[in-house]
Amino acid sequence: MPRKTESDHLADAKAKVLKAALVHVPFDGWSEGVLAIAWREAGVDAGLAKQAFPRGGIDLALAFHASGDADLAGQMAKMDMGGLRYREKIAVAIRLRLEIAAPHREAVRRGVTLFALPQNAAQGAKAIWHTADVIWTALGDTSQDVNYYTKRATLSAVWSATVLYWLGDDSVGYANTSAFIDRRIENVMAFETFKAKFRDSAVGKLLMQGPGRILDRVHAPGSAAPDDLPGKTS
């Protein structure tokens, strides 16, 4: 059996501390105090804990989010969604990510509050982007041009809106959230379909040579970019 590397030890420490922290986060948030309690309860050396979470509570929250994304990637790798359209695949992936988060819903709520602070907003945005990237990568996206960014930006908007809705949803089995996901994806696609039809029309072709090009800078409500969205058929 190969000897563990420093990276292995660090990963083990992160996992142990995170597991211990999740007991306390619903009550005390992603705080320095929770981190201190967690590394002691996990039996992790203080220096190693500091190395694993150099910025304290925010790194602990980011580790929680990354752990959920890793779980999502692993589960999606085993799924066969070949018969579904892209919009359906995206919906399945979003629902799966929520299922992964559901046992720690209050920890997610605490994370949303933490990343809503101005000083943490950039880190929160990166975490959301990472979730979108995990989904598109798992679905086999290989785009390298502007579509790479627009796909992830649009899905990031859908994902972040869905999380906020889910946190306030008390319906059985989160049925209302499931319907919300479908509406969000459908709204984005409806607008993109309109744009495509407009471009192909006689008037659209004429206007796209001049003032109609403004459509390229108009996005569907809640989306961040216009091209190649989750509803593209396979």
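Our structure is the block above this text.
Now for a description of the structure that goes with this document. Here the residue numbering is sequential within each chain, running from 1 through the sequence in written order. Totals for whole chains, interfaces and linings use every residue, but because this is a predicted model, local features are given only for residues with pLDDT of at least 70 and side-chain atom pairs only at 80 or more, for both listing and counting. With hydrogens and water excluded, all non-hydrogen atoms of the structure serve as input to the side-chain values.

### With respect to the overall build of the chain
Now for step 1: Numbering of helices and strands runs from the N terminus, with a helix taken as a DSSP run of H or I at least four residues long and a strand as a DSSP run of E at least two residues long. Of the regular secondary structure elements, the chain holds 11 helices and 0 strands.
Now for step 2: Partly exposed residues are those whose accessible area sits between 20% and 50% of the maximum for their type, while under 20% is buried and over 50% is exposed, using a 1.4 Å probe and protein chains only. Counting all 234 residues of the chain, 44% fall into the buried class.
Now for step 3: For the chain, restricting intrachain contacts to residue pairs at least 6 apart in sequence, the fraction spanning at least 24 positions comes to 68%.
Now for step 4: For the accessible areas, the method is Shrake-Rupley and the probe is 1.4 Å, while residue cover comes only from the protein chains on display. For the chain, the exposed surface amounts to about 12,600 Å²; the carbon and sulfur share of it is 58%. In this description, contact between two residues means that some pair of their heavy atoms is separated by no more than 4.5 Å.

### Some remarks on the nonpolar core
Now for step 1: Remark: nonpolar core denotes a set of buried residues (Ala, Val, Leu, Ile, Met, Phe, Trp, Tyr, Cys) joined through side-chain atoms within 4.5 Å. Counting residues in hydrophobic clusters, the biggest one holds 54 residues, and the most contacted among them are Trp30, Leu60, Ile90, Ile94, Ile135 and Leu155.
Now for step 2: Among the elements that make up this core, the one with the highest residue count is helix 6 (residues 86–101) (9 residues).
Now for step 3: If near-sequence neighbours (up to four positions away) are discounted, Ile135 is found in contact with Leu72, Met76, Ile90, Ala93, Ile94 and Leu155.

### Looking at the packing of helix 8 (residues 121–138) against helix 9 (residues 146–167)
Now for step 1: Only the stretch in contact is used when fitting a helix axis, every axis being a line fitted to C-alpha atoms; angles between N-to-C directions are given from 0 to 180 degrees. Put simply, helix 8 and helix 9 touch, their axes get as near as 8 Å, and they point 115° apart. When the axes of helix 8 and helix 9 are compared, the crossing they make is right-handed. Contacts from Ile128, Trp129, Thr131, Ala132, Asp133, Ile135, Trp136 and Thr137 in helix 8 reach Tyr148, Tyr149, Lys151, Arg152, Ala153, Leu155, Ser156, Trp159 and Ser160 in helix 9. Working rule for handedness: look at the near helix, and if it is turned counterclockwise from the far one by less than a right angle, call the crossing left-handed; if clockwise, right-handed.

### As for the layout of surface pockets
Now for step 1: The way it works is a 1 Å grid over only the protein atoms, where trapped points that fit a 1.4 Å probe form a cavity and open points with protein on both sides within 12 Å along at least five of seven lines form a pocket, and then any residue with an atom within 4 Å of a point lines it. Grid points are joined across faces, edges and corners, and a volume is the space filled by probe spheres set on the points. Here the largest pocket is characterised by a volume of approximately 430 Å³.
Now for step 2: Surrounding the largest pocket, 22 residues form its lining, His65, Gly111, Val112, Phe115 and Ile128 being those nearest its centre.
Now for step 3: Elements with a contribution of two residues or more to the lining of the largest pocket: helix 5 (57–77), helix 6, helix 7 (105–115), helix 8 and helix 9.
Now for step 4: A class-by-class count of the residues in the lining of the largest pocket yields 17 nonpolar, 4 polar and 1 charged. Any residue outside Ala, Val, Leu, Ile, Met, Phe, Trp, Tyr, Cys, Pro, Asp, Glu, Lys and Arg is labelled polar, Gly included; the first ten of those are nonpolar and the last four are charged.

### Quick look at the environment of Ala15
Now for step 1: Relative to the assigned elements, Ala15 resides in helix 1 (residues 6–21).
Now for step 2: A sequence separation of 49 residues divides Ala15 from Phe64, and the C-alpha atoms of the two residues are 9.0 Å apart.

### Quick word on the packing of helix 5 against helix 7
Now for step 1: As a packed pair, helix 5 and helix 7 sit with axes 11 Å apart at the nearest point and diverge in direction by 130°. The angle between helix 5 and helix 7 places the two elements in the oblique class. In the packing of helix 5 onto helix 7, the handedness of the crossing is left-handed. Residues Gly57, Ile58, Ala61, Leu62 and Phe64 of helix 5 form the contact with helix 7, whose own contacting residues are Ala107, Val108, Leu114 and Phe115. Small angles under 35 degrees read as roughly parallel and large ones over 145 as roughly antiparallel, with 65 to 115 read as roughly perpendicular and the rest as oblique.

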